[in-house]
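Listed here are the chains, written in short residue letters.
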Amino acid sequence: MTTTKTARELAETYFTAWEAGDFETVRGLLADDVDFVGALGTASGVEEALAGLKGLGQVLEKIDVKVRVAEGNEVITWFELRTSIAPPAPTANWMHVEDGRITRIRVTFDPRGLLAGFGG
């Protein structure tokens, strides 16, 4: 018997694993052709997406989730992105799930603090 996680459960697992630096778990949640678009860049495919998450993971201290809303295959997570190099960044993350994997991610936040922290 196989149990497929709901979109909400996938999002919860994604954020927990990313915060913990557990990129093998994150890899298992993402579709091979995952499409990511965010304030700091874009990624096509699981390897590029993981590289971006690992890069930000180097300064990530906490993902402080404020609310998560799920409807069918869509999930929006509102959280404060806390890093060692910038003030907390209020962030919205939208995910689309198909066949038990995350296929699309869109992230929006004001990147100025992080860009300054990265020296850019």
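Details of the structure are given in the entry above.
What counts and what doesn't
- Residues numbered from 1 in each chain as written.
- Predicted model: local features only at pLDDT ≥ 70, side-chain atom pairs only at ≥ 80, totals over all residues.
- Heavy atoms only, no water.
- Helix = DSSP H or I, 4+ residues; strand = E, 2+ residues; numbered from the N terminus.
- Expected span 1.5 Å × (residues − 1).
- Buried < 20%, exposed > 50% of the residue type's maximum accessible area, 1.4 Å probe, protein only.
- Arc of directions from axis to C-beta.
- Contact = heavy atoms within 4.5 Å.
- Pairing = 2+ DSSP bridges.
- Axes fitted to C-alpha atoms, helices over the stretch in contact; angles between N-to-C directions.

**Quick word on helix H3 (residues 46-57)**
Working step 1: The first and last C-alpha atoms of H3 sit 16 Å apart over 12 residues, in line with the 16 Å expected at 1.5 Å per residue.
Working step 2: Those residues of H3 not exposed but buried are Val46, Ala49, Leu50, Leu53 and Leu56. Take H3 and look down its axis: the buried residues cluster within an arc of 130°, on one side only.

**Considering the side chain of Thr103**
Working step 1: In this fold, Thr103 is placed in strand S6 (residues 101-108).
Working step 2: Among the residues examined, Thr103 registers a relative accessible area of 11% and is labelled buried.
Working step 3: In this structure Thr103 touches Ala31, Asp33, Val34, Asp35, His96, Val97 and Glu98, once residues within four positions along its chain are discounted.

**Quick word on the sheet that holds strand S1 (residues 30-38)**
Working step 1: Reading across the sheet, the six strands line up as S2-S1-S6-S5-S4-S3 and stay open at both edges, with mixed pairing between neighbours. The open sheet terminates on both sides in strands that have one partner only, identified here as strand S2 (41-44) and strand S3 (60-71). Between one strand axis and the next, the sheet turns by 20° as a mean value, whatever way the strands run.
Working step 2: Judged from the eight bridges that link them, strand S4 (residues 74-83) and strand S5 (residues 89-98) form a sheet pairing that is antiparallel.

**A few points about the pairing of S2**
Working step 1: Note that S1 and S2 share four bridges and pair antiparallel. Paired with Asp35 across the strands is Ser44, a residue of S2.

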